Amino acid sequence: MPIEKILILGGTAEAAELAARLVAQGGAEVTTSLAGRTKEPAPLAGAVRIGGFGGVEGLAAYLSANGISRVIDATHPFATRISQNAQAACALANVPLEVVRRSVWRREPGDRWVEVDTLAAAAEALPVGATVFLALGRQYIAAFAGRTDCRFVVRMIDPPLDALPLRDAIVILGKASADPDAERALFANHSITCLVARNSGGAAGHGKIAAARQMGIDVVIVGRPAP
Ligand SMILES: NC(=O)c1ccc[n+]([C@@H]2O[C@H](COP(=O)([O-])OP(=O)(O)OC[C@H]3O[C@@H](n4cnc5c(N)ncnc54)[C@H](OP(=O)(O)O)[C@@H]3O)[C@@H](O)[C@H]2O)c1
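As the structure is a prediction and not an experimental result, all values here were calculated from the model.

Observations concerning the pattern of salt bridges
Tallying each qualifying case throughout the model produces 12 salt bridges. For the salt bridge of Arg155 with Glu183, the shortest nitrogen-to-oxygen distance reads 2.9 Å. With Arg155 in strand β8 (residues 151-156) and Glu183 in helix α5 (residues 180-189), this pair connects stretches of sequence that are 28 residues apart. Residues Arg155 and Glu183 agree in their burial class; the two are buried. Because the salt bridges share partners, they merge into one network encompassing Glu4, Arg70 and Glu98.

Examining the nonpolar core
One finds Leu126, Val132, Leu134, Phe144, Phe152, Val154 and Val196 to be the most contacted residues of the largest nonpolar core, which totals 20 residues. Sorting the residues of this core by element identifies α4 (119-125), β7 (131-134), β8, β10 (194-198) and β11 (218-222) as the ones contributing at least two each. Looking at this core element by element, the count peaks at three residues for β8. For Val196, the residues in contact, after removing those within four places along its chain, are Ala122, Leu126, Val132, Phe133, Leu134, Ala135, Leu136, Phe144 and Val220.

What counts and what doesn't
Residues numbered from 1 in each chain as written. Predicted model: local features only at pLDDT ≥ 70, side-chain atom pairs only at ≥ 80, totals over all residues. Heavy atoms only, no water. Salt bridge = Lys/Arg side-chain N within 4 Å of Asp/Glu carboxyl O. Helix = DSSP H or I, 4+ residues; strand = E, 2+ residues; numbered from the N terminus. Buried < 20%, exposed > 50% of the residue type's maximum accessible area, 1.4 Å probe, protein only. Core = buried A, V, L, I, M, F, W, Y, C linked by side-chain atoms within 4.5 Å. Contact = heavy atoms within 4.5 Å.

Structure (structure tokens):
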């Protein structure tokens, strides 16, 4: 029987866990694909390829050229383009597709959430004069440029290449923590009064949500795009 060749569309903690599990199981060649957004991605089990495929046709061609027998889309729930591309490319190349999607975070007692649908609405919802923790990638920061009354603390994995488009902001380098204690210490250090996050779901990023609840911090939470 020909060996199964699995392509995981990754970039998430869940994708990394899945690759580790499938490699440990054996019996399949496992490759994880990353977009290449992070300079030094954490090591992954199995093979890794990095960079865009060149749209639907590029991905379909990659699947055929590499004899991929199964695709697992374990990308971030806000990474909608690659998920749409995967659907179309797998149909074109006649390769089965599975989607692994985290469930959303649900509001719990003590949460001080304002739920919005867009980053523009999130910017509008910030309390006047707030000290805001932006748990967002660099491509999402510009939406907050108009809130010159607020102070921003922006967490990023890699240092930004250009100055941020915010009047008063500092950048801290690092990843989200699953541990509320670590996030609480960070919020206290920076006197954070408001958190902005997208409803990504999953355990890896939940520390900040739990920390905000424990500290009574306002959270402006951006809902997921339609699947
Ligand atoms: N969006 C987020 O907030 C977020 C957060 C954490 C991790 N991530 C991870 O970062 C990656 C990029 O996110 P995004 O929001 O920029 O995605 P996106 O808007 O859905 O995708 C934009 C383009 O990037 C390329 N791409 C995306 N994911 C890829 C992958 N896993 N392997 C190869 N190419 C990929 C594709 O280029 P081509 O069309 O050229 O193939 C895609 O058309 C995703 O893999 C996602 O899992 C995203």
